[in-house]
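# Examination of the molecular architecture
In case you want the letters, here they are:
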Amino acid sequence: MTHRRLFLSLIASVSLIAMGACAADPGYTVADFAKVKKFDSHVHVNVTDPAFVDQAKADGFELLSINVDYPEFPALADQAAVAHHFHDADPSHFHYATAFTMKGFTAPGWAERTNAWLDSEFKQGAVAVKIWKNVGLIERDTDGKLIFIDDPRFDPVVAHIIAAGKVIINHQGEPKNCWLPMDEMSTDNDREYFSHHPEYYMYLHPEMPSYEALMATRDRFVANHPDLKFVGAHFASLEWSVDEAAKFLDAYPNANIELAARITQVQSQSVKDYDKVRNFFITYQDRIMYGTDLTLNPGDDPAEFKAEAHTYWLSDWTYLATGETRHVDDIHADAKGLALPKEVIDKIYYNNAKREYLN
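Every chain's residues receive numbers from 1 upward, in the order its sequence appears when written. In keeping with the predicted nature of the model, local features appear solely for residues at pLDDT of at least 70, side-chain atom pairs appear and are counted solely at 80 or more, and the whole-chain, interface and lining totals rest on all residues. Only heavy atoms go into the side-chain values, all of them from the structure, while hydrogens and water stay out.

### With respect to the sheet that holds strand β8 (residues 288–289)
Pairing between strands is defined by DSSP: at least two bridges between the two strands are required. Counting from the N terminus, the helices are DSSP H or I runs at least four residues long and the strands are E runs at least two residues long. Reading across the sheet, the 9 strands line up as β8-β7-β6-β5-β4-β3-β2-β1-β9 and stay open at both edges, with parallel pairing between neighbours. Whereas interior strands pair on both sides, the edge strands pair on one side only; in this sheet they are β8 and β9 (294–296). Here, residues are in contact when the closest pair of their heavy atoms is within 4.5 Å. Each axis is a line fitted through C-alpha atoms, taken for helices only over the stretch in contact, and angles between the N-to-C directions span 0 to 180 degrees. Lying over the sheet, helix α13 (residues 302–321) contacts β1 (38–45), β2 (61–66) and β9, oriented at roughly 170° with respect to β9.

### Considering the packing of aromatic side chains
Ring pairs shown here join Phe, Tyr and Trp side chains whose ring centres sit within 6.5 Å, with only the six-membered ring taken for Trp; geometry is labelled stacked below 30 degrees between planes, edge-to-face above 60, and tilted in between. This structure, assessed with the given rule, holds 29 aromatic pairs. Grouping aromatic residues by their ring pairs yields a cluster made of Y28, F33, F52, F61, Y290, F305, W313, W317 and Y349. When the NZ atom of lysine or the CZ atom of arginine is within 6 Å of a ring's centre and also within 35 degrees of its normal, the charge is said to sit over that ring. Above the ring of F33, the side-chain terminus of K38 is found at 4.5 Å from the ring centroid. Across the ring face of Y274, the terminal group of K336 is positioned such that the distance to the ring centre comes to 4.8 Å.

### A few points about the side chain of D40
Tracing the backbone shows D40 in strand β1. Of the side chains bearing the opposite charge, K38 lies closest to the buried D40, which forms no salt bridge; the N-O distance is 10 Å. In protein, a polar contact requires one atom able to donate a hydrogen and another able to accept it; more generally it is a pair of N or O atoms within 3.5 Å, and residues adjacent in sequence count only if both atoms are side-chain atoms. Engagement of the side chain of D40 in a polar contact is seen with the backbone nitrogen of H42, the distance being 3.1 Å. In this structure D40 touches F61, E62, L63, L64, Y290, G291, T292, L294 and W313, once residues within four positions along its chain are discounted. Relative accessibility thresholds used throughout: buried, under 20% of the residue-type maximum; exposed, over 50%; partly exposed, between the two (1.4 Å probe, protein chains only). Positive residues here are Lys and Arg, negative ones are Asp and Glu, while His and the chain termini are left out of the count. Just to be clear on terms, a salt bridge is a Lys or Arg side-chain nitrogen sitting within 4 Å of an Asp or Glu carboxyl oxygen.

### Considerations on the side chain of Q265
Relative to the elements of secondary structure, Q265 occurs in helix α11 (residues 263–272). Owing to a relative accessible area of 3%, Q265 belongs among the buried residues under this scheme. Within the structure, Q265 has its side chain in polar contact with the side chain of D190 (distance 2.8 Å). Ignoring sequence-local partners within four residues, the contact set of Q265 consists of P175, S186, T187, N189, D190 and E239.

That is the geometry; function is a separate question.
Structure below.
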């Protein structure tokens, strides 16, 4: 046997041994939930009550609390004050993303004022910047035209974020269900949300941009800034198709996605094609982060929230980490857990967020 053939034979043997080890690995169980180090990369802690942080510690989570220019949340300055409070108290477990106001966007000096605000937040611990769906769906310039994320007037701010080594988290548009009639939506949670928020239900607003137009705008933005660390919130609004999400990740190597508030849409797909969905998570294990969109706002009951958060986190863990089957009310179906290998779970639940946000 030649040296080359011997080398190839050894490589093949090692690969077979590794595959056998993976096959023999039973993966995590429900009982492992609280023991494994985890990172929820999309939450909103908007009060100084410690309920959210306490439950996160009990369940083994670090948190990334994301500030958002959202009218149903406290003012951005108040959100920042809460973030500073918890980050100062425990910077190893509580992390946060800042956000900027669109007020005065078309006025001279907006970019300079925004960059000054971001610098202040970065110095106080912010690891990322959130751009919400108001860019593309709500905010308009002085000519009454919608402002989109690929508007060149954002370029000085984006360049500043890149230079600082920070991440942009982008909530682009809405889930595709938003452009469908209620009876064609894939999940009840989307039906509920858009029935209560008709202002964001694009099916009722044909004058607004199409889903496809918004996705194309986002893609142009990512392509125009290849050095930017980019995270597509909410499965990058491609929650309806792991095939489309795969195309997005293949096209833009600087992009990652997170799962916040889109698990039911993923479950809807896995009920129809389990292997395809499971293989997607394994193939893109380095590009996916766990997140929930759990929110604690002023006036919420802390005890009720703690119970809700624990149930939510444990349910997602059961679906992603174990092979257990559970009924999912929002899709009126039983969904078998993906039983992802331990090394995949460790990346999705912790390592990827650590790499993107904290290194």
